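One letter stands for each residue in the lines below.
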Amino acid sequence: AQTVTQSQPEMSVQEAETVTLSCTYDTSESDYYLFWYKQPPSRQMILVIRQEAYKQQNATENRFSVNFQKAAKSFSLKISDSQLGDAAMYFCAYRRRTGGGADGLTFGKGTHLIIQP
Amino acid sequence: DVKVTQSSRYLVKRTGEKVFLECVQDMDHENMFWYRQDPGLGLRLIYFSYDVKMKEKGDIPEGYSVSREKKERFSLILESASTNQTSMYLCASSLWGALNTEAFFGQGTRLTVV
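Residues numbered from 1 in each chain as written. Chains lettered and ligands numbered in written order. Predicted model: local features only at pLDDT ≥ 70, side-chain atom pairs only at ≥ 80, totals over all residues. Heavy atoms only, no water.

Engineer: What's the story with the overall build of chain A in this structure? I'm lost.
Structural biologist: In terms of regular secondary structure, chain A is built from zero helices and twelve strands. Overall, chain A shows an N-to-C arrangement of helices and strands of β-β-β-β-β-β-β-β-β-β-β-β. For chain A, whose C-alpha radius of gyration is 14 Å, the value lies close to the compact-globule estimate of 13 Å for 117 residues. When the 117 residues of chain A are sorted by exposure, 50% land in the buried category. When contacts within chain A are restricted to residue pairs at least 6 apart in sequence, long-range pairs at least 24 apart make up 55% of them. Carbon together with sulfur atoms contributes 44% to the accessible area of chain A, which is approximately 5,500 Å² in total. Of the charged side chains in chain A, 12 are positive and 11 negative; the average position of the first set lies 6 Å away from that of the second. (Helix = DSSP H or I, 4+ residues; strand = E, 2+ residues; numbered from the N terminus. Rg over C-alpha atoms; globule rule 2.2 N^0.38 Å. Buried < 20%, exposed > 50% of the residue type's maximum accessible area, 1.4 Å probe, protein only. Contact = heavy atoms within 4.5 Å. Areas by Shrake-Rupley, 256 points an atom, 1.4 Å probe, with all protein chains shown as cover. Lys, Arg positive; Asp, Glu negative; His and termini not counted. Charge placed at Lys NZ, Arg CZ, Asp CG, Glu CD.)

Engineer: Sorry if this is basic, but what is going on with the state of the cysteines here?
Structural biologist: Here, disulfide denotes a covalent bond that connects the sulfur atoms of two cysteines. Residues and elements named next belong to chain A. Applying the stated criterion across every chain, the model contains two disulfides over all chains. The disulfide partner of C23 is C92, and the S-S distance across this bridge is 2.0 Å. One disulfide, between C23 and C92, carries an S-S torsion of -70° and so falls in the left-handed class. Of this pair, C23 sits in the loop between β3 (19–21) and β4 (24–26) while C92 sits in strand β10 (residues 88–96), placing them 69 residues apart in sequence. On the basis of relative accessible area, C92 is assigned to the buried category, the value being 1%. (Disulfide = S-S within 2.5 Å.)

Engineer: Got a minute to help me understand the side chain of B:Q85 in this structure?
Structural biologist: Residues and elements named next belong to chain B. Residue position: Q85 is located in the loop between β8 (73–78) and β9 (87–94). Accessibility expressed as a relative area gives 5% for Q85, which makes it buried. With sequence-adjacent residues up to four places away left out, Q85 is seen in contact with R36, G63, Y64, L78, S80, L111 and V113.

Engineer: I would appreciate a short explanation of the nonpolar core in the present structure.
Structural biologist: Considering soluble globular proteins, one finds that nonpolar side chains tend to be buried as a cluster. If you look at the biggest cluster of nonpolar residues, it comprises 25 residues, and the most contacted ones within it are A:Y25, A:W36, A:F75, A:L77, A:Y90 and A:L113. When residues of this core are traced back to their parent elements, those giving at least two are β3, β5 (32–39), β6 (46–52), β8 (64–69), β9 (74–79), β10 and β12 (111–116) of chain A. For this core, the leading source of residues is β10(A), giving four residues. Each residue touching A:Y25, except ones within four places of it in the same chain, is listed here: A:T3, A:V4, A:Y32, A:L34, A:F68, A:Q69, A:K70, A:K73, A:S74, A:F75 and A:Y94. B:V4, B:W34, B:I60 and B:L76 belong to the second largest nonpolar core, which has 20 residues in total. (Core = buried A, V, L, I, M, F, W, Y, C linked by side-chain atoms within 4.5 Å.)

Engineer: Whenever I open this one, the pattern of salt bridges confuses me. Can you help?
Structural biologist: Inspection of the entire model under this criterion finds ten salt bridges over all chains. One salt bridge in this structure joins A:D86 and A:R63, with 2.8 Å as the shortest N-O distance. You can see A:D86 sitting in the loop between β9 and β10 and its partner A:R63 sitting in the loop between β7 (60–61) and β8, a full 23 residues away along the chain. The same class applies to A:D86 as to A:R63, namely buried. Overlapping salt bridges bring together B:R36, B:D38 and B:R44 as one network. (Salt bridge = Lys/Arg side-chain N within 4 Å of Asp/Glu carboxyl O.)

Engineer: Looking at this model, I keep getting lost on the sheet that holds β8(B). Mind explaining?
Structural biologist: Within a sheet, neighbouring strands are paired by backbone hydrogen bonds and run either parallel or antiparallel to one another. All names here are of chain B. The strand order across the open sheet built from four strands is β1-β3-β8-β7, with neighbouring strands paired in antiparallel fashion. Each end of this open sheet is capped by a strand with a single partner; those strands are β1 (4–6) and β7 (64–70). Within the sheet, the average angular offset between the axes of one strand and its neighbour, ignoring direction, is 20°. When strand β3 (residues 19–25) meets β8, the two strands line up antiparallel, connected through six bridges. From the neighbouring strand, L21 faces β8, where its bridge partner is L76. (Pairing = 2+ DSSP bridges. Axes fitted to C-alpha atoms, helices over the stretch in contact; angles between N-to-C directions.)

Treat this as a map of the structure, not an account of what it does.
Below, the structure written as structure tokens:
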């Protein structure tokens, strides 16, 4: 079974600074997807960024980027120029790549990100 | 935009009651999921469905059942609610197939069993 570990229950960063959220995972699969989801106080889960395991290039979405280390099974999220609106719970998630069909996401326990004004 | 709608944001039920949590999606997605979210535990998969009338157990199916009579609707059923089922419940949907990876979530139902 796959597991996802987020070792930082809470992180705090000053507005406009950079912060990195850690995630490690364990799987015997070679092909899979990794995600970071954001859950603000509204509770709506929003996809921040995704990474395909077969791609060596790290994914980037504006101020959000990942450091994907496949051999180390590490998938960290870097948020640059932090903004007050970035304050939320962040969840790292894993999904194996299948030939078809449904597979649920496996989530980490989450990191609560606080932005200090 | 994909929309996943859960019928209630807050629900209070008594121990032993039969509880229905409803979820509807409007993007013709084949896959639908029910997760439970608890502080310090993240999201855990209860059940999922990849087609009408098809269902698969997730990681924590005990005490729950599901129903999918129509493609757009996926219901989570607590046959006899217990206090340890007090939690946030999140519904999600996604397209079938390996190339379609993103799951879209509803706004969550916070269930309290007293």
